[in-house]
Structures are given as C-alpha cells and as structure tokens.
Amino acid sequence: MPARPVVDLHTHSSLSDGTELPAELMSAARTAGLDVVALTDHDTWDGWAEAADAVGRTGVALVRGAELSTSAGGVSVHLLSYLHDPAARGLNAAVARARDSRLGRARRMVDRIAMDFDLTWEEVEARLEPGGTVGRPHIADALVDRGYVTDRSAAFLEILHTGGPYYVRYDAPDVVEAVELVRRAGGVPVMAHPRAATRGRVVADHVIEEMTAAGLAGLEVDHRDHDEGARAQLRDLAASLGLFVTGSSDYHGAGKPNRLGEHVTDPAVLEQIESEGYLPVVRP
Ligand code: AMP
Ligand code: FE
Ligand code: FE
Ligand code: ZN
C-alpha cells in the first residue's frame, strides 16, 4: 500500500444499478489507479464475495459496504454502511423489505409506462442479477434499448422523474432507525450525497442532527452532485457535529458519467472507519 493510498468509498456493480459485475468493477478500479475501493450496491451485499475474490488478482483493497434506501418523512435518503456484519438480523430484515418493496414498485412503474410505451416487465427483469436490487435505472436501460430515449439521464429527465405520472414510491425504513440498525450490525453509517438536490428533495439540517444522535459517523461531501457552496456548508456542519467527511465517485459503470476516483477520501478517515467497523478491509 502506498504512503498515501487513493480511496474511493462509493461504487455500484450490476448487483444493483452499476453495469459491471463485481470482479469487473475491481479490474476497473485497478485501471483507474485506486488502492482502495468500497462496493456499495443499493440494498444488497450479494456482490461482496466476488469482489473480495478479485482483491488478490487486482491488488485493490476492498471495503465491503452498501447504500441503504431510507426515508425521512417521505424524503428519500441514501445511507452508506461500511464493514457491517452481513448476518445481522435487523439490518438484513430491513434491507430485504426495501428490496421487496422496490420489486413491486418497479412492476407498477412498468405497468404505468406500458400504457404509453411498448415495454414489458420481462425486458426489465432480464437485466437483474440474482440477489440484486431493482431500481429505476433498470427501467431506464430498457427504455434506451427500445429507442425511446438516448441514455439513462434522458430517461430520468423525460419519463422516470419523481414528479412524473409513472413514478411510484417504495417503502424504506426511517433514516434514524436505519442509522441505529447499521450501528447494531457493527457497520459505520455515512450519509450519501446529503445535498444532491437534482435528484429530488433533500433533508434539513435537523434531520442530520437526529441521525448524528443515533450514531451517524460521517457525511459524503466531495461528490459530483454537490456544488462548492454545498460542500462548504456540509464541511461546516460536519465539523460542528463531530462527523468526518468522505469523497467518492458514486461510480455506476457505463450507467453514469461518474469516473472512478473522481473524488477521494482521506486515508485517515478510512482508518477511522476500519477501527469502528465489524469487518476488516480485505487487503491484497
Ligand atoms: P430508485 O432508487 O429506483 O428510485 O432510482 C434512483 C437511482 O437512480 C439512484 O440511486 C441513481 O443511481 C440513479 N439516478 C438518479 N437520477 C439519475 C439520472 N438523472 N441519471 C442516471 N441515473 C440516475
Ligand atoms: Fe444508483
Ligand atoms: Fe445514492
Ligand atoms: Zn450510489
């Protein structure tokens, strides 16, 4: 490991809405010059084993994580969990419920879309990996394949956005409960892109204060969905609440323009995460 390792703490594989299998993601991480990468698929850790198997071959260390779907009074909040016990009952139950709800919701969205477009559930289902999590990006890709839109971003803008006629919500645990579940599972909870306003509504500072009281460890500050003003404000908030800050790419393979390592995390913060987490970092 170099004196100052390059650490990217937020990426997706095709177990959720990335486009590469975990082993391919690890190879891409090596090509991008990363020393440490976190695999943080939405609501699943079924990709961990394959990613861990690729650590020796690629020389890239792996932080086993996930990005949990949660809700703060109806506002969608993404909560990163690092190094939790994958067998923890409470966390598994919450994640299984969110995955189930996402499945029913995706089918209902496709039903609605099918009233105006030629699209079947089978086309979306064919894109899912076993143990994986379905999301709007899978519907977006099916619409791209059909030629209705040019890419995922256009699909979100024109068809899948939260205010549109095809949007359906899904059930997710309350964000404060989710922070507690992550801590009880030995995980280290970090709020993902807290000010990513382009995706929809974001939570007020008092929600972040409540999350902190429940055990939140950090805020993801350096992320492409935050402008300079948002980053400065989040850095101040983190300092005042005693939270650490992270930076990450939120890489989705070919599904988004985000490039591996475009934002990185201070190695000292990774050390703190590992010291608080139940699992170790998988090292070459
Ligand atoms: P869902 O969780 O099913 O509601 O879908 C939200 C996911 O879609 C997020 O986690 C992002 O990965 C992805 N996403 C959101 N907005 C966009 C966009 N404009 N272009 C591409 N992907 C997006
Ligand atoms: Fe995503
Ligand atoms: Fe996210
Ligand atoms: Zn993400």
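See the structure shown above.
Now for a quick tour of the structure. In this text the structure is predicted, and so the values were computed from the model without any measurement. (Residues numbered from 1 in each chain as written. Chains lettered and ligands numbered in written order. Predicted model: local features only at pLDDT ≥ 70, side-chain atom pairs only at ≥ 80, totals over all residues. Heavy atoms only, no water.)

Inspection of the region around ligand 1 gives 15 residues, with Asp17, Arg102, Arg105, Arg136 and His252 positioned closest. The protein chains hide 85% of the 500 Å² of surface that ligand 1 would expose on its own. Listing elements by their share of the shell around ligand 1, those giving two or more residues are helix H4 (89-114), helix H6 (136-146) and helix H7 (152-160). Of all the elements, H7 adds the most residues to the shell around ligand 1, at three residues. Of the residues in the shell around ligand 1, the class split is three nonpolar, five polar and seven charged. (Near = heavy atom within 4 Å. Areas by Shrake-Rupley, 256 points an atom, 1.4 Å probe, with all protein chains shown as cover. Helix = DSSP H or I, 4+ residues; strand = E, 2+ residues; numbered from the N terminus. Nonpolar A, V, L, I, M, F, W, Y, C, P; charged D, E, K, R; others polar.)

Time to look at the side chain of Thr246. With respect to the element layout, Thr246 can be found in strand S7 (residues 244-247). Classification of Thr246 by relative accessible area gives buried; the value is 2%. Not counting chain neighbours up to four residues away, the residues in contact with Thr246 comprise Leu9, Val190, Leu219, Glu220, Val221, Asp222, Thr265 and Val269. (Buried < 20%, exposed > 50% of the residue type's maximum accessible area, 1.4 Å probe, protein only. Contact = heavy atoms within 4.5 Å.)

Our focus in this paragraph is the environment of Arg201. When you line up the elements, Arg201 lands in the loop between strand S5 (188-191) and helix H9 (205-213). Sequence separation between Arg201 and Val77 is 124 residues, and the spatial gap between their C-alpha atoms is 9.3 Å.

This part is about the packing of H6 against H7. Remark: H6 packs on H7, axes separated minimally by 9 Å, with the N-to-C direction vectors making an angle of 100 degrees. Regarding the angle of H6 to H7, the classification is roughly perpendicular. The segment H6 lies against H7, with Arg136, Pro137, Ile139, Ala140, Asp141, Leu143 and Val144 engaging Arg152, Ala155, Phe156, Ile159 and Leu160. Its residues assigned to classes, the contact of H6 with H7 shows nine nonpolar, no polar and three charged. (Axes fitted to C-alpha atoms, helices over the stretch in contact; angles between N-to-C directions. Parallel < 35°, antiparallel > 145°, perpendicular 65-115°, else oblique.)

Take the pairing of S5 next. Residues in a regular strand project their side chains so that they alternate between the two faces of the sheet. Here S5 shows a buried face lined by Val188 and Val190 and a second buried face lined by Pro189 and Met191. Taken together, the four bridges between strand S4 (residues 75-82) and S5 define a ladder with antiparallel strand orientation. The residue bridging Tyr82 from the neighbouring strand is Val188, located in S5. When S5 meets strand S6 (residues 218-222), the two strands line up parallel, connected through two bridges. By the bridge assignment, Val190 is partnered in S6 with Gly218. Chirality of the crossover, the property in question, places the unit of S5, H9 and S6 among those that are right-handed. (Pairing = 2+ DSSP bridges. Right-handed = clockwise from strand over helix to strand, strands pointing away.)

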